[in-house]
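Residue-level listing of the chains:
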Amino acid sequence: MAAWNILIADGLDAKGIAVMAAVGRVDDRTGISADDLLKDIANYDALIVRSRTKVTAAVLAAAAQRLKVVGPAGIGVGKIDLAAAKTAGLTLVNSPLATTVTVAELALGMMLAMAREIPRADASIKGGKWLKKEFEGTELFGKTLGVIGFGRIGSTMAKRAAAFDMEVRAYDLLKDANETRLNGGNPVELDELLAKADFISLHLPLTPDTKNMLNAETFAKMKDGVYLVNASRGGIVDEDALLEALNSGKVAGAALDVFAAEPPGVSPLISHPKVVCTPHVGAQTVEAQARAGYDIATEIVAALKGEELRWKVA
């Protein structure tokens, strides 16, 4: 057995652990503190994290020369100091395919819950009330869905939305128009999407270009009574502008799985009766977690062995 030590900081599916245990020693220290990570990281060749653990420049400096590869069990690398990882000569990998279906299904589910006011209706009947007339919703049938970001997740959601006879319009700067059409979307410019969509779903990374992409100016370009879904990244939506748009009726409903600050705490936006919220659970299904664990484990092992990588980020 190779003398590789692998640290799991935030938990991993058993299948992934088994893959790595076949080639080295695996320490599952789920919930490890920042102080203990800083103290012990020099003992490891590989580190697997999720969204909880921050891999800071200080952690990477403390890793000395032993740490070879770092990877999240999922797609997001936002908690890893990329510049410091590059300086340290580390390999950075992820598992971008594992949660595609799961996040797409959540976005569609949130759209349905929002359109039919399912959470409020559920809460009312559990509270002993029978308020049928107060929960008049809207159908997805025949509506236009605007998907901003037409990569794996956006296009997967769009294909499922088409089963509801929704017309899908897609905006993605990185996708060829023909590729967008092949994946079930009608490629349009952003302003046209904003003006025509009855529902808008975001599927973008958070970058300097996408930060507060939906703001007072872009909300003003939308249809009155539009519905918004964000199961991608917090910070893409200006939350103050969204609250104002909800209060004015410009936005009829919003479904949010992600927030600019997480956890977001209680706020007028979170408490708004036209907002459906979930605590960043896009990847939280049994199937997705099993895929993510297996995918990142096989990629970590390949990196340690010096083999070809499928999902090298840096």
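Now for a look at the structure at hand. (Residues numbered from 1 in each chain as written. Predicted model: local features only at pLDDT ≥ 70, side-chain atom pairs only at ≥ 80, totals over all residues. Heavy atoms only, no water.)

**Side note on unusual backbone geometry**
The line we're drawing: Numbering of helices and strands runs from the N terminus, with a helix taken as a DSSP run of H or I at least four residues long and a strand as a DSSP run of E at least two residues long.
Residue glutamate 262 is joined to proline 263 through a cis peptide bond whose omega torsion reads -5°. Inspection of the secondary structure puts proline 263 in the loop between β11 (251–256) and β12 (275–277). Unusually for a residue other than glycine, glutamate 117 sits at a positive phi of about 50°. With respect to the helices and strands, glutamate 117 occurs in the loop between α5 (100–115) and α6 (118–126). Located in the positive-phi region is histidine 280, a residue other than glycine, with phi close to 55°. Counting through the fold element by element, histidine 280 comes out in the loop between β12 and α12 (286–305).

**Some remarks on the layout of surface pockets**
This is how it is decided: Every definition here rests on a 1 Å grid over the protein atoms only: cavities are sets of points where a 1.4 Å probe fits but cannot get out, pockets are open sets enclosed by protein on both sides within 12 Å along at least five of seven lines, and lining residues have some atom within 4 Å of a point. Grid points are joined across faces, edges and corners, and a volume is the space filled by probe spheres set on the points. Gly is placed with the polar residues, together with every amino acid not listed as nonpolar (Ala, Val, Leu, Ile, Met, Phe, Trp, Tyr, Cys and Pro) or charged (Asp, Glu, Lys and Arg).
Size it by volume and the second largest pocket reaches roughly 180 Å³. Surrounding the second largest pocket, 15 residues form its lining, Met114, Glu117, Ala252, Pro273 and Lys274 being those nearest its centre. Listing elements by their share of the lining of the second largest pocket, those giving two or more residues are α5, α6, β11 and β12. No other element matches the 3 residues that α5 contributes to the lining of the second largest pocket. Of the residues assigned to the lining of the second largest pocket, the class counts are 9 nonpolar, 2 polar and 4 charged.

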